[in-house]
Amino acid sequence: MRTKFRYLSYILAGIALFSAILFTNDKFFAEAANKVYLNETDLTLELGHYRTLKVYGTNQKPSFKSANNRAATVSSKGRITARGWGSTTVYTYVGNRTLKTKVTIVQMNKKNVALTPGNTTQLTLWGANDSVKWKSSNKRIATVSDKGLVTAVSNGKATITATFNGKKITSNITVVGINHDSIVLEYDPKFSATRDGFGDVKTLAITGTNDKVTWSSSNTKVATVNSKGRVTAKGPGTAKITANINGTMVSSDVKVLKISYNEIELNKGENFTLEVLGTDNIPSWTSYNKTIATVSADGVVSAKTAGTTKIVAQVDGRKVRCIITVK
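Once a new chain begins, its residue numbering starts again from 1 and follows that chain's sequence as written. Given that this is a predicted model, residues contribute local features only at a pLDDT of at least 70 and side-chain atom pairs are listed and counted only at 80 or more, while totals for whole chains, interfaces and linings are drawn from all residues. With hydrogens and water excluded, all non-hydrogen atoms of the structure serve as input to the side-chain values.

Let us look at the pattern of salt bridges. Any carboxyl oxygen of Asp or Glu within 4 Å of a side-chain nitrogen of Lys or Arg constitutes a salt bridge here. Per the stated rule, a full pass over the model turns up six salt bridges. For K157, the salt bridge identified is with D211, shortest N-O distance 3.6 Å. Here the residue K157 occupies a position in strand β16 (residues 156-164), and D211 occupies one in the loop between β21 (206-207) and β22 (214-217), the gap between them amounting to 54 residues. Relative accessibility under 20% of the residue-type maximum defines a buried residue, over 50% an exposed one, and the middle range a partly exposed one, all with a 1.4 Å probe and only protein chains included. According to the relative accessible area criterion, K157 is partly exposed, its value standing at 47%. One salt bridge connects K327 with E265, and the closest N-O pair in it is separated by 3.7 Å. Taken as a pair, K327 in the segment after β34 (318-326) and E265 in strand β27 (residues 263-266) lie far apart in primary sequence, 62 residues in all. Comment: elements are numbered from the N terminus, with helices defined as DSSP H or I runs of at least four residues and strands as E runs of at least two.

As structure tokens, then:
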């Protein structure tokens with residue numbers, strides 16, 4: 001008898017448990033059927049970007065409204081468009097329900113930056129707070145501090161990413177260099193214009209990027225530069241050639257030298273003074289054939305015997321020459 005009562009108790013307990021499960025499931029599905037919710041309740045957008053709200057749990061047509069259209073607008077189909085950095089609330093009305101979406105608009109202060117190695121730039125994510133996390137895609141090219149300070153390390157490209165509220169905003173960093181920090185040219189050379197240490201032209205090139213470069217000269221009477229970076233001497237003096245890459249300036253100092261005369265004829269025993277224009281430094285003078293003509297430390301040429309020789313002045317790493325003919 002006790003065994004029958006025990007089995008009966010088990011059966012009744014099972015029926016009760018099964019009924020409780022059915023009741024719980026029915027209640028869950030009933031509540032789920034009545035739950036209306038959005039795909040976004042806390043949204044971060046980059047300025048100019050958009051995200052469309054979707055309403056779940058109802059077949060009723062929703063309507064939308066933004067509390068601040070200067071920050072973000074919302075269309076009749078729920079498309080939220082970031083208009084200006086800041087924040088707003090977008091209200092979704094479904095039947096007698098009002099659903100809210102917090103919208104934060106952020107903007108990177110600089111999207112494309114060119115730097116030279118060792119220089120820095122400050123990135124700021126406007127519209128965000130101090131919880132922004134910063135990261136560089138390549139620390140060998142550029143590093144970034146916890147506060148968004150970018151330091152250029154070496155030539156190349158890196159992407160700096162700011163993460164805020166799960167949203168990633170990027171800035172492209174290009175670290176560039178120039179193949180010559182300074183150059184010295186000769187104006188109106190007559191000899192060996194293609195040899196190293198001589199000539200009136202030099203081509204500058206930007207390294208680390210293929211971006212468009214705009215070239216300019218600070219003094220076109222001294223040196224000009226074309227769109228390909230080819231610098232041409234125009235007269236003695238100094239100039240600065242500047243390359244503009246996405247608003248970043250990289251420059252090369254140009255000095256143009258000119259010997260006062262590049263060809264002269266002298267009679268035996270005659271003296272003549274040469275000088276190098278375009279520099280304040282003292283040149284070193286040399287005669288290729290001292291039996292024909294000599295030259296002093298201050299550029300005084302003395303004709304000795306009939307013939308032809310070269311007088312060379314070396315200064316600022318460049319040689320300028322004069323042909324001396326003694327009659």
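Once the structure has been displayed, the description carries forward.
Where two aromatic rings form a pair, the distance of their centres and the angle of their planes describe that pair. Centres within 6.5 Å are what make two rings of Phe, Tyr or Trp a pair, Trp counting through its six-membered ring; a difference in plane orientation under 30 degrees is then read as stacked, over 60 as edge-to-face, and the rest as tilted. Taken as a whole, this structure holds four aromatic pairs when the rule is applied. Measuring from ring centre to ring centre gives 5.9 Å for W85 and W126, while their planes differ by 25°; the resulting arrangement is stacked. Linking W85 in the loop between β7 (79-82) and β8 (86-94) with W126 in strand β12 (residues 125-126), this pair joins segments that are 41 residues apart in sequence. Judged by relative accessible area, which is 33%, W126 ranks as partly exposed. Relative to Y93, the ring of Y91 has its centre 6.4 Å away and its plane inclined at 15°; by these criteria the two rings are stacked. In this structure Y91 comes out as partly exposed when scored by relative accessible area, which is 23%. By definition here, charges over rings are those cases where NZ of Lys or CZ of Arg is within 6 Å of the ring centre and within 35 degrees of the ring normal. A cation over a ring is seen here: K35 above Y37, with NZ or CZ 5.8 Å from the ring centre. Above the face of the Y50 ring, R79 is positioned so that its terminal group lies 3.5 Å from the ring centre.

Note on pairing: two strands pair once DSSP finds at least 2 bridges between them. Spatial ordering of the open sheet is given by β3-β7-β6, a layout of three strands whose pairing is antiparallel. Pairing within the sheet leaves two strands with one partner each, and these edge strands are β3 (50-52) and β6 (72-74). With strand direction ignored, the average angle separating the axes of adjacent strands in the sheet is 15°. In this analysis, axes come from line fits to C-alpha atoms, helices being fitted only over the stretch in contact, and the angle between any two N-to-C directions falls in the range 0 to 180 degrees.

Turning our attention to the environment of V175. Positionally, V175 belongs in strand β17 (residues 167-175). Measuring from C-alpha to C-alpha, the distance between V175 and A142 comes to 7.6 Å, with 33 residues separating the pair along the chain. Excluding residues that lie within four positions of it along the chain, V175 makes contacts with L115, T116, P117, I141, A152, S154, N155, G156, T207 and G208. Contact definition: two residues touch when any of their heavy atoms are within 4.5 Å.

Spatial ordering of the open sheet is given by β11-β15-β14, a layout of three strands whose pairing is antiparallel. Of all strands in the sheet, those with a lone pairing partner are β11 (120-122) and β14 (142-144), marking the two edges. Taken pair by pair, the neighbouring strands of this sheet meet at an average axis angle of 20°, ignoring direction. As paired strands, β14 and strand β15 (residues 149-152) are joined by three bridges and run antiparallel to one another. Residue V144 lies in a different strand from β15, and its bridge partner there is V150.

Its place among the elements puts A142 in strand β14. On the basis of relative accessibility, which here comes to 0%, the residue A142 falls in the buried class. Separated by 23 residues in sequence, A142 and N119 place their C-alpha atoms 9.9 Å apart. The residues touching A142, leaving out its near neighbours within four places in the chain, are S136, V150, T151, V153, A158 and I173.

Attention shifts here to the confidence of the model for the protein. Parts of the model with low pLDDT should not have their predicted coordinates read in detail. Chain-level pLDDT for the protein is 88 on average; 87% of the residues reach the 70-or-more range. A residue's pLDDT is the confidence the predictor assigns to it, expressed on a 0 to 100 scale. Here residues 17-33 is a poorly scored stretch, pLDDT under 50, and it has one contact once near neighbours within four places are set aside; other chains count.

Glancing now at the side chain of T174. Within the secondary structure layout, T174 lies in strand β17. Within the local environment of T174, its side chain forms a polar contact with the side chain of K157, the two groups lying 3.2 Å apart. Beyond its immediate stretch of four places on either side in the chain, T174 contacts V113, A114, L115, G156, K157, G208, T209 and D211. Two N or O atoms form a polar contact when they lie within 3.5 Å of each other; inside protein one atom must be a possible hydrogen donor and the other a possible acceptor, and for residues adjacent in sequence the pair counts only when both atoms belong to side chains.

Most of strand β19 (residues 182-186) sits out of view: four of its five residues are buried. Of the strand pairs in this sheet, β19 and strand β26 (residues 248-259) are connected by five bridges, and their pairing is parallel. Looking at the pairing, E186 lines up with L257 of β26.

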